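# Geometric and topological summary
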Amino acid sequence: MIYPIHIIGSPVLRKVAKDISPDYPNLEKIIENLKATMYDSDGVGLAAPQVGKSIRIFVIDASPLAEDEPELENFKKIFINAHITERTGNEYAFNEGCLSIPGIREDVNRPEKIRMKYVDENFEEHEEEFDGLAARVIQHEYDHLDGKLFTDHLSPLRKRIIKSKLAGISKGKFTAKYAVHLAKG
Ligand code: NI
């Protein structure tokens, strides 16, 4: 099934998500649905909190970015219980958007390189280094697990400039080609 995507203002997007165990109910189905929802919305990544589930899972398919970085052609992965252990390299700006903040794109500064522990869908443990666009996409999705959004990284001035736009989006003032969930009230 395709999940509706939670839009900025929905409280689940601000929660720190929890690790899960292999016996988490319907885990296989959830992973399948996360992928289906990502493809349906043309996202390169999707994190579980964005579909209302406060658990540490995100999925990535960065193949649409292979034009810029050919080695991303086969970068399709599921990350469970992800924890970044190191961020290194110079920070650089890259234009980001988010399915939970439709219509907004901003340059976001993030470090070049990360080291991350996670388990895959078979709960096998990994600790890997990522750089380039892979590290970029991972850090964006990872932020969702910690209740952060890319707009949190903007300068105080940029934040002030887009503040009322974000408030409008949280009330439904946007168009999106995918199903969405807005906070009540
Ligand atoms: Ni996002």
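Scroll up for the structure.
Description of the structure in this document. Everything numeric in this text was worked out from a predicted model, so none of it was measured. (Residues numbered from 1 in each chain as written. Predicted model: local features only at pLDDT ≥ 70, side-chain atom pairs only at ≥ 80, totals over all residues. Heavy atoms only, no water.)

The reference angle at a metal is 109.5 degrees if four donors form a tetrahedron and 90 or 180 degrees if six donors form an octahedron. In this structure, Cys 98 (SG), His 140 (NE2) and His 144 (NE2) serve as the protein donors to the nickel ion, at separations of 2.1 to 2.3 Å. For the nickel ion, the single-chain donor residues occur in sequence as C-x41-H-x3-H. Of the two residues, Cys 98 sits in the loop between β4 (76–96) and β5 (106–119) while His 140 sits in helix α2 (residues 132–145), which places them 42 residues apart along the sequence. In terms of burial, Cys 98 and His 140 fall into one category: buried. (Donors = N, O, S within 2.8 Å, 3.2 Å for Na, K, Ca; no water. Helix = DSSP H or I, 4+ residues; strand = E, 2+ residues; numbered from the N terminus. Buried < 20%, exposed > 50% of the residue type's maximum accessible area, 1.4 Å probe, protein only.)

Taken in spatial order, the five strands line up as β2-β3-β4-β5-β6 in an open sheet, and their pairing is antiparallel. Edge strands, defined here as strands with exactly one partner in the open sheet, are β2 (45–47) and β6 (125–130). Recorded for the sheet is a direction-independent mean angle of 35° between the axes of neighbouring strands. Contacts from α2 reach β2, β3 (57–61), β4, β5 and β6, with the element oriented near 115° to β4. (Pairing = 2+ DSSP bridges. Axes fitted to C-alpha atoms, helices over the stretch in contact; angles between N-to-C directions. Contact = heavy atoms within 4.5 Å.)

The subject of this paragraph is the pairing of β4. Across five bridges, the pairing between β3 and β4 is antiparallel. Pairing of Asp 61 across the sheet is with Lys 76, part of β4. By the bridge criterion, 12 bridges tie β4 to β5 in an arrangement that is antiparallel. Its bridge partner lying in β5, Tyr 92 is registered against Arg 110.

On to helix α1 (residues 27–40), then. Counted at 1.5 Å a residue, the expected span for α1 with its 14 residues is 20 Å, and the 20 Å between its end C-alpha atoms agrees. Looking at α1, one finds that the buried residues are Leu 27, Ile 30, Ile 31, Asn 33, Leu 34, Thr 37 and Met 38. Projected down its long axis, α1 carries its buried residues within an arc of 165°, all on one side. Those residues of α1 that are buried lie in contact with β1 (5–6), β2, β3 and β4. (Expected span 1.5 Å × (residues − 1). Arc of directions from axis to C-beta.)

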